[in-house]
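# Residue-level structure breakdown
Residues per chain are reported as follows:
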Amino acid sequence: MALSVQNYIKLANFYNEMLKVLSAICVEKGGISMENYVGRFFAADVLEYIMEYGNRLKKSGANLTPEILSAMNLFEKQFEKVKDLVTPNQKPIYEMTLEEFEKIMNI
């Protein structure tokens, strides 16, 4: 995906719509709280992606309006609250110990 402000807006809109659906699912499942819903992990991963996309967009020197910058800051604040829920990045094999490699490979 080529970096562009339009793509960032699409991602932000997707995230906001997804939160509505996740909330509806929680209600439909008996009113469980979002903190107890397994979909919160996916939402955190999506938020991490959007935040990183925004950071790369800033670094690229794209022409960002104050509204877009405000949205980026809001997403960064939201991410700080859920960053412990994101899927951890796997270490590259060359950085793993033998024990870690064996565990990953299920040896």
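Note that the coordinates shown come from a computational prediction; the quantities given were computed from them, not determined experimentally.

## Comments concerning helix α2 (residues 39-59)
End to end, α2 covers 31 Å across 21 residues, agreeing with the expected 30 Å (1.5 Å per residue, within 8%). The complete set of buried residues in α2 reads G39, A43, A44, V46, L47, I50, M51, Y53, G54 and L57. Taken together, the buried residues of α2 touch α1 (5-28) and α3 (66-82). Note on α2: the residue one or two positions beyond its end, G61, has a positive phi of about 80°.

## Some remarks on the packing of aromatic side chains
One pass over the full model with this rule turns up four aromatic pairs. Between Y8 and Y53, the aromatic rings sit 6.3 Å apart at their centres with planes inclined by 25°, giving stacked as the arrangement. Of the two residues, Y8 sits in helix α1 while Y53 sits in helix α2, which places them 45 residues apart along the sequence. With respect to class, Y8 is no different from Y53; both count as buried. Counting every residue linked through ring pairs, the aromatic cluster contains Y8, Y15, Y49, Y53 and F75.

## A short note on the environment of G54
Along the chain, G54 falls in helix α2. Judged by its relative accessible area of 2%, G54 is buried. Residues G54 and L85, 31 residues apart in the sequence, show an inter-C-alpha distance of 20 Å.

## Considerations on the nonpolar core
Side chains of a nonpolar character, in soluble globular proteins, are inclined to be buried together. With 23 residues, the main nonpolar core has Y8, Y15, I50, L57 and F75 as its most contacted residues. Counting residues per element, the ones that place at least two in this core are α1, α2 and α3. If we skip the residues at most four places from it in the chain, I50 touches Y8, L11, A12, Y15 and F75.

## What about the confidence of the model for the protein chain?
Do not read the predicted coordinates in detail wherever pLDDT is low. The predicted model of the protein chain averages 88 in pLDDT, with 94% of residues at 70 or higher. Per-residue pLDDT, averaged within each element of the protein chain, yields its smallest value for helix α4 (residues 98-105) (76) and its largest for α1 (95).

Rules used in this analysis
Residues numbered from 1 in each chain as written. Predicted model: local features only at pLDDT ≥ 70, side-chain atom pairs only at ≥ 80, totals over all residues. Heavy atoms only, no water. Helix = DSSP H or I, 4+ residues; strand = E, 2+ residues; numbered from the N terminus. Expected span 1.5 Å × (residues − 1). Buried < 20%, exposed > 50% of the residue type's maximum accessible area, 1.4 Å probe, protein only. Contact = heavy atoms within 4.5 Å. Phe/Tyr/Trp six-rings, centres within 6.5 Å; stacked < 30°, edge-to-face > 60°. Core = buried A, V, L, I, M, F, W, Y, C linked by side-chain atoms within 4.5 Å. pLDDT = per-residue confidence, 0-100.

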